[in-house]
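# Residue-level structure breakdown
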Amino acid sequence: MKIQFENIKKLHIKHIYGPLQQEVRTLAFHSKRVEPAAAFFCLKGENFDGHEYIEEALGLGAATIIGSDEKVLEELSQIYDRTTFLLVDNVRSVMSVFSKDFFGFADEELKTIGVTGTNGKTTVTAYIRSLLTLLGLPTGSIGTTGIWSSKRKLQYKKSTPTTPESLDLHRIFRDLRNLDDEGAVMEVSSIALDQCRVEGIQYDVAVHTNFSEEHLEYHRTIDHYRECKMRLFNQANHRVVNIDDEGMAPELLAMGKDGLLTYSIEGHPQADLSAENIEVMKKGSLFDLTYKGDTKKVYVPVYGTYNVANVLAAIATAFHLNYSWEEVLDVLPNMEGPEGRFQVIDTPLKQTVILDYAHTPVALNRLLEEVKKLDHRRLIVMIAGIGIRDFNKMPKMAKTIEGKADEVIVTVDHPGYHDPQSVVDQVMTGFTNPNASNIHPTLTREEGVRKSMQLGEEGDIILLTSGCINNSQIVKGEEIPHSDEKIIESFYPSVAQ
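Residues numbered from 1 in each chain as written. Predicted model: local features only at pLDDT ≥ 70, side-chain atom pairs only at ≥ 80, totals over all residues. Heavy atoms only, no water.

The protein chain goes by UDP-N-acetylmuramoyl-L-alanyl-D-glutamate--2, 6-diaminopimelate ligase in an unreviewed UniProt entry, where it is assigned to Halobacillus trueperi. UniProt's Pathway (unreviewed entry) comment on the protein chain is quoted here verbatim: "Cell wall biogenesis; peptidoglycan biosynthesis." What UniProt records for the protein chain under Subcellular location (unreviewed entry) is the sentence "Cytoplasm". (UniProt positions renumbered as here; feature names shortened; annotations may be inferred.)

### Some remarks on the nonpolar core
Counting residues in each nonpolar core, the largest one holds 40 residues, and the members touching the most others are Ile315 and Leu332. If one sorts the elements of this core by residue count, helix H10 (residues 305–320) sits on top with 10 residues. Apart from the residues within four sequence positions on either side, isoleucine 315 is in contact with Leu131, Leu273, Leu289, Val328 and Leu332. Listed in part, the 31 residues of the second largest apolar core include Val371, Leu374, Val408 and Ile439. (Core = buried A, V, L, I, M, F, W, Y, C linked by side-chain atoms within 4.5 Å. Buried < 20%, exposed > 50% of the residue type's maximum accessible area, 1.4 Å probe, protein only. Helix = DSSP H or I, 4+ residues; strand = E, 2+ residues; numbered from the N terminus. Contact = heavy atoms within 4.5 Å.)

### Some remarks on the sheet that holds strand E24 (residues 461–465)
Spatial strand order, E19-E20-E24-E21-E22-E23: 6 strands in an open sheet with mixed pairing. Looking along the sheet, the strands with just one partner apiece sit at the ends: strand E19 (343–346) and strand E23 (439–441). Strand-to-strand twist of the sheet, defined as the mean angle between neighbouring strand axes without regard to direction, takes the value 20°. In terms of strand pairing, strand E21 (residues 379–386) meets strand E22 (residues 407–413) through 7 bridges, oriented parallel. The residue of E22 that forms the bridge with valine 381 is valine 408. Along the sheet face, helix H14 (residues 420–428) touches E21, E22 and E23 and points at about 140° away from the line of E22. Seen against the sheet, helix H15 (residues 445–455) touches strand E20 (352–356), E21, E22, E23 and E24 and runs at an angle of roughly 165° to E22. (Pairing = 2+ DSSP bridges. Axes fitted to C-alpha atoms, helices over the stretch in contact; angles between N-to-C directions.)

### Focus: the packing of helix H3 (residues 91–102) against helix H5 (residues 166–178)
Look at H3 against H5: their axes get within 8 Å of each other, and the N-to-C directions meet at 15°. What the angle tells us is that H3 and H5 run roughly parallel. Relative to H5, the crossing made by H3 is right-handed. Contact residues: H3 offers Arg92, Met95, Ser96, Ser99 and Lys100, while H5 offers Ser166, Leu167 and His170. (Parallel < 35°, antiparallel > 145°, perpendicular 65-115°, else oblique. Left-handed = near helix turned anticlockwise from the far one by under 90°.)

### A short note on the side chain of threonine 162
With respect to the helices and strands, the residue threonine 162 is situated in the loop between strand E11 (153–154) and H5. The contact partners of threonine 162, leaving out residues within four places of it in the chain, are Lys121, Gly143, Thr144, Glu187 and Ser189.

### Considerations on H5
Taking 1.5 Å per residue as the helical rise, H5 with its 13 residues ought to reach 18 Å, and the 18 Å between its terminal C-alpha atoms agrees with that figure. Those residues of H5 not exposed but buried are Ser166, Leu167, Asp168, Leu169, His170, Ile172, Phe173, Asp175 and Leu176. (Expected span 1.5 Å × (residues − 1).)

### Brief notes about unusual backbone geometry
Here histidine 12, not a glycine, exhibits a phi torsion of approximately 55°, which is positive. Here histidine 12 lies in the loop between strand E1 (2–4) and strand E2 (13–17).

### Remarks on the packing of aromatic side chains
Inspection of the entire model under this criterion finds 7 aromatic pairs. Aromatic pair phenylalanine 102 and phenylalanine 103: ring centres 5.1 Å apart, planes at 85°, arrangement edge-to-face. Comparing phenylalanine 102 with phenylalanine 103 shows no difference in burial state: the two are buried. Among the aromatic residues, those joined into a ring-pair cluster are Tyr291, Phe319 and Trp325. (Phe/Tyr/Trp six-rings, centres within 6.5 Å; stacked < 30°, edge-to-face > 60°.)

### A short note on the pattern of salt bridges
Tallied over the entire structure, the rule returns 23 salt bridges. The shortest N-O distance in the salt bridge between glutamate 108 and lysine 100 comes to 3.2 Å. Of the residues examined, lysine 100 reaches a relative accessible area of 9% and is grouped as buried. For glutamate 457, the salt bridge goes to arginine 377, with nearest N and O atoms at 2.7 Å. Residue glutamate 457 is located in the loop between H15 and E24, and its partner arginine 377 is located in the loop between helix H12 (361–371) and E21; the two are separated by 80 residues in the primary sequence. (Salt bridge = Lys/Arg side-chain N within 4 Å of Asp/Glu carboxyl O.)

And the structure:
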């Protein structure tokens, strides 16, 4: 499309160097993905600065450059006089506005739901996708386990682990719309909110799961972390709030009752939606579901008390989208959950392997409480330090597991630019006795999974936790393919030999 930049006031352009009009056929923020007639956005990150890659982008055909470094743009404009250089204050904000327009405002043609919280985002997002699709609103999802249409997983090279950059996000909205989906539910991280990735999206529903300490490697203070998450609810028509959560619910309730639905599994008297008498089984959960004074006994094929809370969040979302009590009750038994969340694998050696990528102390503690309700001989648990996350959290994972498992394997997820040994060492500082014979340090997730399997015997539960995402390990900026399931599958032929 031909774009007359001086006429686009909403981009808040400070200065235009070069031609005022330019053909824009594609968008990119990664120089290696630039194509002819692309607009290239110079993003700055912790380990990179997009302004350093402008000439590489120009060599691949970029015709428009959007950046915030006045000196660099002015100097290059004198060399590349046929290229348009746009000087702006906030490149990420401009990319959000530009991308939404470029991909045809597709988000406005979908029912959009944003899910935020320290724990449970991935699970709630999957439940909402499943429930709305069962109700007749084909819905796709965006988040940690990848990009899904209402029918299948889509192949995307994601720009971030959880919430994509705005350019990718609006492309996904367009693709979901073109696949005839009518809804899109997505995980919205605090970092994404701070980095303007979802700027300009007015959500039909915003969902809150819970709040505890996380991402302080980025936010530095827990108050900034909370404030970023709160932003989501200022750009939503309706709110779903976990009234049991003391970390953020009070602030959300203070926003008023208009467009609000609350849920509880702890018998909160003011909750709009509640679950009581929860009976947890290996294949699902049975409980009394109450809404507006009406109580029904329901079965949902999800495991764990905390997951019942996640189901309530999905149900409240459906109510906001005008689905009835009866319609929801009819489809609940058919709900499906996400990959890697209390995923049970029975092995030929009569062990039970459970994959659950809990990666915070709170989530790990909740998971352990639920796992111990299952019949087992010994409990073997793998925990990990995540190199791309807060180092201060790592010892807390060790403190959470200590004394609660027969064998503990310590490993590293996504070392990023860190030495894996330094990550494992940081986790180990949390143990009272790191030299205990039942604590086994390993330096890669694959090694950790194999060690866990080797320790397992008949009747044991082998619990593999932490943040393995996108079927990969992030090492020095590269995504290295990884699959716990494939490692588990490959383990048994070697045992049988």
